[in-house]
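Here are the chains, one letter per residue:
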Amino acid sequence: QVQLVESGGGLVQPGGSLTLSCAVSGTIIGVNDMGWFRQAPGREREFVAHINNVGTPKYADSVRGRFTISRDNASNTGDLQMINLKPEDSAVYYCNAVLFVLPTGRPRVYWGQGTQVTVSS
C-alpha cells in the first residue's frame, strides 16, 4: 500500500527552526509534484509550498523567504525547512504528492497523515 509518511514536527520557540520530512512508503513508479499544506484549528487547509518534478519551487506569500522546499528524487523524499518560525505558523502540516502508481502507472494524489508544528514560548 502506498503512503506518504511525515516526520519532524514538534514544539519550537518563536524564531526557531524545524525541518519536516515526507517519505513515500510502498512501491511506486515515480513522483511528479510534491507539496506541503497546513491547517490551523478553525481554519481551512492552506497551501504552503510546492516543488515540481524538475525542482522549481513555489511558496505562499506568508512563508516566502523563511521556508525552503526540497526533494530527493533518488529516495522519493521531500523536506520543508522552516526558519524564523512565528506563532501563526502553528498548524498541522500535510505532505501532498502526485505519484505514478502500479498497476496502471497513472498519476494519483496522495496525502500524508499530518504532523503538528507548534510555535510558542
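Our structure's up above, just so we're on the same page.
It should be emphasised that the depicted structure is a prediction, and the values quoted were computed from it without experimental measurement. (Residues numbered from 1 in each chain as written. Predicted model: local features only at pLDDT ≥ 70, side-chain atom pairs only at ≥ 80, totals over all residues. Heavy atoms only, no water.)

Draft legend 1. Broad picture of the overall build of the protein. Helix and strand counts for the protein stand at zero helices and eleven strands. Ordered by position in the sequence, the α and β elements of the protein form the string β-β-β-β-β-β-β-β-β-β-β. At 14 Å, the protein has a C-alpha radius of gyration in line with the 14 Å of a compact globule built from 121 residues. With respect to the three principal axes, the spread of C-alpha positions in the protein is 50 × 25 × 25 Å. Out of the 121 residues belonging to the protein, those deemed buried represent 40%. Long-range pairs, those at least 24 residues apart, make up 55% of the contacts in the protein with a sequence separation of at least 6. Per element, the accessible surface of the protein, about 6,500 Å² overall, is 48% carbon and sulfur. (Helix = DSSP H or I, 4+ residues; strand = E, 2+ residues; numbered from the N terminus. Rg over C-alpha atoms; globule rule 2.2 N^0.38 Å. Buried < 20%, exposed > 50% of the residue type's maximum accessible area, 1.4 Å probe, protein only. Contact = heavy atoms within 4.5 Å. Areas by Shrake-Rupley, 256 points an atom, 1.4 Å probe, with all protein chains shown as cover.)

Draft legend 2. Broad picture of the sheet that holds strand S7 (residues 67-72). What the four strands build is an open sheet, ordered S1-S3-S8-S7; its pairing is antiparallel. Looking at strand neighbours, the two that pair on one side only are strand S1 (3-7) and S7, the edges of this open sheet. Each neighbouring strand pair of the sheet contributes to a mean axis angle of 15 degrees, computed without reference to strand direction. Two elements, S7 and strand S8 (residues 77-82), share six bridges in a ladder whose sense is antiparallel. Residue pairing in the sheet places aspartate 72 in a bridge with threonine 77 of S8. (Pairing = 2+ DSSP bridges. Axes fitted to C-alpha atoms, helices over the stretch in contact; angles between N-to-C directions.)

Draft legend 3. Spatial organisation of the pattern of salt bridges. On inspection of all chains with the given rule, the structure shows four salt bridges. Between glutamate 46 and arginine 38 there is a salt bridge; the shortest N-O distance is 2.6 Å. When its relative accessible area of 5% is taken as the criterion, arginine 38 is described as buried. A salt bridge links aspartate 61 to arginine 64; the nearest nitrogen and oxygen atoms lie 2.6 Å apart. On the accessibility criterion, aspartate 61 (66% relative accessible area) is exposed. (Salt bridge = Lys/Arg side-chain N within 4 Å of Asp/Glu carboxyl O.)

Draft legend 4. Focus on the nonpolar core. Counting 32 residues, the largest nonpolar core has Trp36, Leu80, Met82, Tyr93 and Leu99 as its most contacted members. Secondary-structure elements contributing two or more residues to this core are strand S3 (18-25), strand S4 (28-39), strand S5 (46-51), S7, S8, strand S9 (91-101) and strand S11 (115-119). Element by element, the count of residues in this core is highest for S9, at six residues. Sequence-distant contacts of leucine 99, defined by excluding residues within four places in its chain, comprise Val2, Leu4, Val24, Ile28, Gly30, Val31, Arg106, Pro107, Arg108 and Tyr110. (Core = buried A, V, L, I, M, F, W, Y, C linked by side-chain atoms within 4.5 Å.)

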